[in-house]
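Here are the chains, one letter per residue:
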Amino acid sequence: MRPSLPSSNNRRTVIQSYSSIVQSSSSRSKKNSSLQLHPQKNLEHLPHPLGHQQPSRQYATATRLPPLAKLGRRWMEYQGINYWDGLLDPLDDNLRREILRYGNFVEAAYKACDFHPSSPTYARRRFSKTSMFERCGLRDSGYRITKNLWATSGIELPRWAGRKVPRWASTCSSWIGFVAVCQDKEEIARLGRRDIVVALRGTVICLEWLENLRAALTHLPDSCGGGGKGSGHGPMVQSGFLSLYTSRSPSLPSLQEMVRGEIARLVWSYGDERLSLTVTGHSLGAALATLAANDVKMSLGEEAALFVTAISFGGPRVGDEAFRNQLELRGTRILRIVNSDDVITKVPGFTIGDDGKEDGACDVDAQGCRKYVVGIPLAAAVPRWTRRCMAGTRWVYAEVGEELRLCSKDSPYLRGIDVAACHDLKTYLHLVSRFVSSKCPFSATPNMLPD
């Protein structure tokens, strides 16, 4: 049964609150945002870290950077085969450029989506597959879009919604990103393999906001590799994210079906080559990217020679410890880019550490699964029996993968910004471009590779 909206007493409050959220999101995307920065006036004036020449004036002053370095035989290191050991602190320049390059695909997903509620194409793509990269400043990326991706909310609107709720508030399905494959021979040679990218944007429509609020954990279904039906011990993930990933409409398949089908088709087409899949996203897209990476790895099976990596920008928590262990056992690599000042990365739920372990410590269990201890600072002071009781609730999450932690306070360009700006993708790309190490968290000039 699909979840329903709140009762009639709260309908007006819900619609009004999410109307203001969508309108504020739309206004923040405009060039003349009122967001105050120091010394620059808004995020749109930050130098673009990749230096692509964009079609609009706001990117006309983008910094031009030297060509990306050749990865060659080391490509698996930069995709996380060794969990990015020795590459994150200090941040390796080649890895920096790869992170920014994938961030640019996510930015293209934002630019290509129509955010304006009054538009007849609201929540749809603005450009065709053939022109999207050129219109979004990625003409020379070497990739070709092969599939548009849509996400559908599993929330069932009441009957009165069709008559009284505006269209922007009742839209159930929206364009959320794309699948692209590297086609340029020179870029394939530089990367050391043919790369497939799945890029997913963050929250846009009202029902996506409502799905974000469904924060209780739920068991992964068998179709997603949960295997926990009836046992009560299978992996669990956030209810709303799973709903957006698996729900379908009468006219559209689910995001899960679209991703699975397209990746399987591309693997079959290029199966005799070295292949990698990089799933990347921001905010809601980061959460869905984590689910998609895990799901694709499960659906293709061990026989598929496909190295799967997820690169997450400002992503919320996704699942519990069992889900984290499942990712590790399947060999899926996750790199989370986190801004310490971004509250979205601290929700939903909470995490609890283990006795005698410091936050961030790492062990390897009998199955070879890397077990991280991430949690609240006072976890060691919480009695063990209390933690066992809390673990039985559907609110105890676990962080996944490796983390590159940044802080907007380290940048003189970002002092005094609000909560929304701390979560902005442009903020993340700016911080990645200037981060050096934990001892020198910010460089005065963008870090460039030598010519």
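Structural data are supplied above this passage.
Quick look at the structure, then. (Residues numbered from 1 in each chain as written. Predicted model: local features only at pLDDT ≥ 70, side-chain atom pairs only at ≥ 80, totals over all residues. Heavy atoms only, no water.)

**Things to note about the overall build of the protein**
Which entries qualify depends on this criterion: Think of it this way: any DSSP run of H or I at least four residues long counts as a helix, any run of E at least two long counts as a strand, and we number them from the N terminus. Working definition: with a 1.4 Å probe on protein chains only, accessible area under 20% of the residue-type maximum means buried, over 50% means exposed, and in between means partly exposed. Between two residues, a contact is recorded if the distance between any of their heavy atoms is within 4.5 Å. Shrake-Rupley sampling with a 1.4 Å probe provides the accessible areas, and residues are treated as covered by the protein chains on show and by no other component.
Per the secondary structure count, the protein includes 15 helices and 11 strands. Burial analysis of the protein (451 residues in total) assigns 57% to the buried set. The contacts of the protein with a sequence gap of at least 6 include a subset with a gap of at least 24, amounting to 74%. Carbon and sulfur atoms make up 52% of the accessible area of the protein, which totals about 20300 Å².

**Looking at the packing of helix H3 (residues 93-111) against helix H15 (residues 425-434)**
Note the cut-off: Every angle, taken between N-to-C directions, lies between 0 and 180 degrees, and every axis is a line fitted to C-alpha atoms, over only the stretch in contact when it is a helix. Every angle not falling under 35 degrees, over 145, or within 65 to 115 is termed oblique; those three ranges are roughly parallel, roughly antiparallel and roughly perpendicular. Crossing chirality is assigned from the near helix's rotation relative to the far helix, an anticlockwise turn below a right angle marking it left-handed and a clockwise turn marking it right-handed. When residues are sorted by character, Ala, Val, Leu, Ile, Met, Phe, Trp, Tyr, Cys and Pro go into the nonpolar class, Asp, Glu, Lys and Arg into the charged class, and all the rest, Gly among them, into the polar class.
The interhelical angle for the contact between H3 and H15, taken along N-to-C directions, is 165 degrees, at an axis separation of 10 Å. In terms of axis orientation, H3 runs roughly antiparallel to H15. The two elements H3 and H15 cross, and the hand of that crossing is left-handed. Within the contact between the two elements, H3 uses Arg 96, Ile 99, Leu 100, Gly 103, Val 106, Glu 107 and Tyr 110 and H15 uses Leu 425, Lys 426, Leu 429, Val 432, Ser 433 and Arg 434. When the residues that make up the contact of H3 with H15 are grouped by side-chain class, the tally is 7 nonpolar, 2 polar and 4 charged.

**Notes on the pairing of strand E2 (residues 173-182)**
Going by this rule: In this description, strands pair whenever DSSP reports at least two bridges between them.
In terms of residue burial, E2 counts as a mostly covered element, since 10 of its 10 residues are buried. With 9 bridges connecting them, strand E1 (residues 143-152) and E2 associate as antiparallel partners. Bridge pairing in E2 links Ile 145 to Ala 180. Where E2 meets strand E3 (residues 194-200), 5 bridges bridge the pair, whose relative direction is antiparallel. Its bridge partner being in E3, Gly 177 is matched across the sheet by Leu 200.

**A few points about the pattern of salt bridges**
To keep it simple, the criterion reads: Salt bridges are identified by distance alone: a Lys or Arg side-chain nitrogen within 4 Å of an Asp or Glu carboxyl oxygen.
If you walk through the whole model with that rule in mind, you get 20 salt bridges. One salt bridge connects Glu 257 with Arg 248, and the closest N-O pair in it is separated by 3.1 Å. The exposure class assigned to Glu 257 is partly exposed, which follows from its relative accessible area of 34%. For Arg 248, a relative accessible area of 46% corresponds to the partly exposed category. Arg 405 is paired through a salt bridge with Glu 403; the nearest N and O atoms lie 2.7 Å apart. Shared partners join several salt bridges into a network, and the residues in it are Arg 317, Arg 336, Glu 399, Glu 403 and Arg 405.

**Description of the sheet that holds E1**
One open sheet holds the 7 strands; their spatial order is E1-E2-E3-E6-E7-E8-E11, and the pairing between them is mixed. Across the chains shown, the open sheet's two edge strands, defined by having one partner strand only, are E1 and strand E11 (402-406). For this sheet, the mean angle separating the axes of adjacent strands, direction not counted, is 15 degrees. Two strands pair when backbone bridges link them, and strand E8 (residues 333-339) and E11 are joined in this way by 5 bridges, in the parallel orientation.

**Notes on unusual backbone geometry**
Of note, the amide linkage connecting Asp 89 to Pro 90 takes the cis form, showing an omega dihedral of 5 degrees. Checked against the element boundaries, Pro 90 lands in the loop between helix H2 (75-78) and H3. Between Val 347 and the following residue, Pro 348, the backbone shows a cis peptide bond with an omega angle of -5 degrees. With respect to the secondary-structure elements, Pro 348 resides in the loop between E8 and strand E9 (361-364). Even without glycine at this site, Ala 123 takes up a positive phi of about 70 degrees. Along the chain, Ala 123 falls in the loop between H3 and helix H4 (132-135). A relative accessible area of 0% places Ala 123 in the buried class. If you check the backbone angles, Ser 283 has positive phi at about 60 degrees while not being a glycine.

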